[in-house]
Amino acid sequence: MTPNTNILCFGAAHFDRTLQCTETFVPAASNPVRTLHRKPGGVSRNIAVHLRLLGNNVAMLGAVGDDGDGDQVIESLSDIGIDTRHVMKIKDVATAGYTALLDETGELALGMMNAEVYDMLSIDRLQPHLANLLARPWWLIDANLPTESIQWLAENKGTSKFCAATVSPSKAGRFKNVLDKVDLLIANRAETRVLTGIDITSLDQAKRAVELLRSTGIPDVIITLGAQGVVSSSGSKIAFWPPLPTKVKDVNGAGDAFYSGFLSAYAKPKTNFDTAMASGLAMASLTAETEGTTVWDVSQEALATRAEHAESTPL
Ligand SMILES: Nc1ncnc2c1ncn2[C@@H]1O[C@H](COP(=O)(O)OP(=O)(O)OP(=O)(O)O)[C@@H](O)[C@H]1O
Ligand SMILES: [Mg+2]
């Protein structure tokens, strides 16, 4: 593996747990459960890991608690060669985590996200790192960072490219005041609605949303539309890309995977936008064919072969 790009991923890295009731779910009571799985998650982590598995030189800036989970988060990243020197261990706070409780039939009964530790990624904590951060030409910022820190990073990005990952509809709005400083935005339908007010139910509406976002000054905008594909805008072109033929197994993390595939290609010198789009679609497709969010055995070759089938039509 030859490290070939300097990408710094800011944001969430934690564990996701799924528990299932072994008897009928009763709210406000003690329910017997079994643990179905505990897996690493977090948007920035998901993107960083695929970037690294694709051979990039990747660092992560995030926050964990001073607990066992935190150590495991750091270890799981450094084990694959991600630079974790900017992952802060914060005292007296728990490492973040998402816990899903399924009822006895397998339907979600309750979802709980503890993301308190990410609120601690304040400007005061980021400031001492700035000189080192500026040495990385590509910044991937996930919306788990506090709004003020996102704003501060956007104002202090220097020549680094500011790539925004919107995370969820509830957090996407954190980029609203910095859109004029964003270099690349990739968002799904619901997140785009938060940023534009446009409800995307057709390609025409997707096109309008992309135009609106471009008019704020963002050079490259991509809206992912799940099984329908992607709409992109760069330079003077707006295009629709259908998804690649995929034997779908689990679409969880396909959006994050799209980001990794796109950025892995786009961050390389002289890669054009359309080649990066094909790489994003290919990484999303390979991830949708895999159980879980990570394609541990991904290779540049497999990605390139899948990407060959990508095609776009102008909108
Ligand atoms: N059912 C599917 N079949 C083929 N490709 C898919 C399917 N679902 C998603 N994809 C691919 O993954 C890309 C991203 O999916 P989507 O728009 O659902 O992202 P997302 O909502 O951010 O997902 P997540 O947050 O779970 O990662 C799509 O643009 C498409 O290329
Ligand atoms: Mg997503």
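Most of strand β11 (residues 220–224) sits inside the fold, with five of its five residues counted as buried. Side chains of β11 alternate between two faces, with D220, I222 and T224 and V221 and I223 buried alike. The pairing of strand β10 (residues 184–188) with β11 spans five bridges and is parallel. Within the sheet, the bridge partner assigned to A187 lies in β11 and is I223. Joining the antiparallel neighbours β11 and strand β12 (residues 230–234) is a turn of five residues, in which G226 adopts a positive phi near 55°.

To continue, consider the packing of helix α7 (residues 189–196) against helix α8 (residues 203–215). It is the contact of α7 with α8, at a shortest axis distance of 10 Å, that shows an interaxial angle of 50°. Between α7 and α8, the interaxial angle falls into the category oblique. The handedness of the crossing between α7 and α8 is left-handed. Contacts between α7 and α8 involve T192, L195 and T196 on the former and, on the latter, A209, L212 and L213.

Turning to helix α10 (residues 273–288), a few remarks are in order. Helix length check: α10, at 16 residues, gives a terminal C-alpha distance of 23 Å against a target of 22 Å (1.5 Å per residue), a fit within 8%. Where burial is concerned, most of α10 is hidden: 14 out of the 16 residues are buried.

Rules of the game
- Residues numbered from 1 in each chain as written.
- Chains lettered and ligands numbered in written order.
- Predicted model: local features only at pLDDT ≥ 70, side-chain atom pairs only at ≥ 80, totals over all residues.
- Buried ≥ 20, exposed ≤ 12 C-beta atoms within 10 Å, placed from the backbone.
- Helix = DSSP H or I, 4+ residues; strand = E, 2+ residues; numbered from the N terminus.
- Pairing = 2+ DSSP bridges.
- Axes fitted to C-alpha atoms, helices over the stretch in contact; angles between N-to-C directions.
- Parallel < 35°, antiparallel > 145°, perpendicular 65-115°, else oblique.
- Left-handed = near helix turned anticlockwise from the far one by under 90°.
- Contact = placed C-beta atoms within 7 Å.
- Expected span 1.5 Å × (residues − 1).

What is shown is where atoms sit, not what they do.
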